[in-house]
Structures are given as C-alpha cells and as structure tokens.
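These are the residues of each chain, in order.
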Amino acid sequence: KSELQGYLSYTEGCYSGVRTLQALNLWQPLNSLPQIMKTASSWLLTLEKNGCHNLLKAGADGVVQAMVLSMPGLKFSNQHLELDVHPRELHRDIFVRRLNYGNETHVNISINVMDDNRAGLFVTLDKRNRDYYACDAGCLDPPVKLGLKPVQFPVKLTEPLTAILYITADHEHMNDLKHT
C-alpha cells in the first residue's frame, strides 16, 4: 500500500499533452465491449505517453488522478502545478475537487463562465500540510497565499503564451517564475 501511495505522490510531468476534454477519440460511444476496451486502452495510452506513467502504476486512484489532470490542462512541472490552457478555450464551467498535491494537500480549482461570458478562475485548498501560493499567467502579479476561502485570479493572455495559473508551496520558486 505504501508503494502505491508513493506513486500517487510522484506526479512530475503529468499531464503534458492536449487537453483530453478536446480529444474526440477518448469520448466515443460505449455501446459494446470492444468499444469500451478500445476507449479504455486509448485513455491509458494517452495518459502514459503524456507523463502520467507513475500515476498509472498506482492503480485506479492514479488513473482517476491522471484523467482529472488531463481534462482541463493541469500539469505538475518542476515544483509547481500549472493550468496550461488558452483563455479562448474556457467557455464552460469546470470544477476540479480534491486534487492531490503531494501527500497531504488537496487543491480545488473552479473555472466559471461569468455573466459577461469571461472565465473566472477560483482556487481553494481543502487541507494542507504547509502554505501554498498561486499566481496568474506569467506570475505578473505577486503570489497569493491559498486557504479555505476561494481566491479569484484573473485569466490573462500573455505574449509569449504561458500557463494561466501556477500553484506551489515554494514562495521563492513562485517569484522566480515571473522572470522566466
């Protein structure tokens, strides 16, 4: 069991591909056993080839975690979690709940289409084992400490294109991202 927990907590590089929410081959009708097997195989192959191989070793919990990361475009990369999606693709509400970040932290991310048809980005922590911080695209604004109350972040389009959200426990790393 502890070996499986180890796989669940090592998520570096997962997920690095095209958002699976847009991958039509992963959303086929499941009307027969062969269709189910083909779709499941496509999901596993997609997740494995896009950096989620360690999570897949954790069994069903790891597969679900990898699928959740892949749908909105979340990726664990070099000491942070980033939401790497173009702002023009945020045209539907998306709620990610209790995403494992390390051993004892759960992140909640909500993308809400607001009344003006622009996306609102909200982040909270369910529980944490230390302080976590977040910043918006390019970390142009100072990092914000995360907690139980939702924090709203602006959805910005940067040139060159960067992730629209970064989350990490390393405050110095967050400040360094601004200069990359």
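Residues numbered from 1 in each chain as written. Predicted model: local features only at pLDDT ≥ 70, side-chain atom pairs only at ≥ 80, totals over all residues. Heavy atoms only, no water.

Asks: Looking at this structure, how should I read the overall build of the chain?
Replies: Counting secondary structure elements, the chain contains four helices and nine strands. Seen in sequence order, the chain has helices and strands lined up from the N terminus as α-α-α-β-β-β-β-β-β-β-β-β-α. Here the C-alpha atoms of the chain give a radius of gyration of 16 Å, agreeing with the 16 Å that 2.2 N^0.38 yields for 180 residues. Relative to its full complement of 180 residues, the chain shows a buried share of 44%. Working note: accessible area of the chain is about 10100 Å², and carbon and sulfur atoms make up 52% of it. Seen as two clouds, the 18 positive and the 19 negative side-chain charges of the chain have centres 4 Å apart. (Helix = DSSP H or I, 4+ residues; strand = E, 2+ residues; numbered from the N terminus. Rg over C-alpha atoms; globule rule 2.2 N^0.38 Å. Buried < 20%, exposed > 50% of the residue type's maximum accessible area, 1.4 Å probe, protein only. Areas by Shrake-Rupley, 256 points an atom, 1.4 Å probe, with all protein chains shown as cover. Lys, Arg positive; Asp, Glu negative; His and termini not counted. Charge placed at Lys NZ, Arg CZ, Asp CG, Glu CD.)

Asks: Would you take a moment to explain a nonpolar patch on the surface for this structure?
Replies: On the surface, a cluster of nonpolar side chains totalling about 410 Å² of accessible area is made up of Leu 30, Leu 33, Ile 36 and Met 37. Summarising the element assignment, Ile 36 is placed in helix 2 (residues 33–56). (Patch = residues over 30% accessible without salt bridge, like charges linked within 9 Å, V, L, I, M, F, W, Y side chains within 5 Å. Salt bridge = Lys/Arg side-chain N within 4 Å of Asp/Glu carboxyl O.)

Asks: Quick question: what am I supposed to make of the nonpolar core here?
Replies: Generally speaking, nonpolar side chains in soluble globular proteins are found buried as a group. In this structure, Leu 69, Ile 109, Leu 146, Leu 165 and Ile 167 are the most contacted members of the largest nonpolar core, which totals 39 residues. It is helix 2 that contributes the most residues to this core, five residues altogether. Sequence-distant contacts of Ile 167, defined by excluding residues within four places in its chain, comprise His 80, Leu 81, Tyr 101, Val 107, Ile 109, Val 123, Tyr 132, Tyr 133, Ala 134, Leu 146 and Met 174. (Core = buried A, V, L, I, M, F, W, Y, C linked by side-chain atoms within 4.5 Å. Contact = heavy atoms within 4.5 Å.)

Asks: Help me out: how do you make sense of the packing of helix 2 against helix 3 (residues 60–70) in this one?
Replies: Angle between the axes and distance between the axes are the two parameters that describe a pair of packed helices. For the pair helix 2 and helix 3, the least separation of the axes is 9 Å and the interaxial angle reads 115 degrees. Taken together, the axes of helix 2 and helix 3 are roughly perpendicular relative to one another. Handedness of the helix 2/helix 3 crossing: right-handed. Residue-level inspection shows Trp 43, Leu 44, Leu 47, Cys 52, Leu 55 and Leu 56 of helix 2 in contact with helix 3, the latter providing Gly 62, Val 63, Gln 65, Ala 66, Met 67, Leu 69 and Ser 70. In the contact of helix 2 with helix 3, the residues fall into ten nonpolar, three polar and no charged. (Axes fitted to C-alpha atoms, helices over the stretch in contact; angles between N-to-C directions. Parallel < 35°, antiparallel > 145°, perpendicular 65-115°, else oblique. Left-handed = near helix turned anticlockwise from the far one by under 90°. Nonpolar A, V, L, I, M, F, W, Y, C, P; charged D, E, K, R; others polar.)

Asks: Any chance you could explain the pattern of salt bridges here in plain terms?
Replies: Should the charged atoms of two oppositely charged side chains come close, the side chains can pair. This model, assessed by the stated rule, comprises five salt bridges. One salt bridge in this structure joins Arg 98 and Asp 126, with 3.2 Å as the shortest N-O distance. Residue Arg 98 is found in strand 3 (residues 94–100), and its partner Asp 126 is found in strand 5 (residues 119–127); the two are separated by 28 residues along the sequence. With a shortest N-O distance of 3.1 Å, Asp 136 and Lys 156 are connected by a salt bridge.

Asks: I keep staring at the pairing of strand 2 (residues 80–83) and nothing clicks. Help me out?
Replies: Put simply, side chains in a regular strand alternate between the two faces of the sheet. Of the two faces of strand 2, the one holding His 80 and Glu 82 and the one holding Leu 81 and Leu 83 are both buried throughout. Here strand 1 (residues 74–77) pairs with strand 2 via four bridges, running antiparallel. Of the residues in strand 2, the one forming a bridge with Ser 77 is His 80. Counted between consecutive antiparallel strands, the loop separating strand 1 from strand 2 contains two residues, among which Asn 78 sits at a positive phi close to 45 degrees. Pairing between strand 2 and strand 9 (residues 165–168): three bridges, direction antiparallel. The partner of Glu 82 across the bridge, within strand 9, is Tyr 166. (Pairing = 2+ DSSP bridges.)

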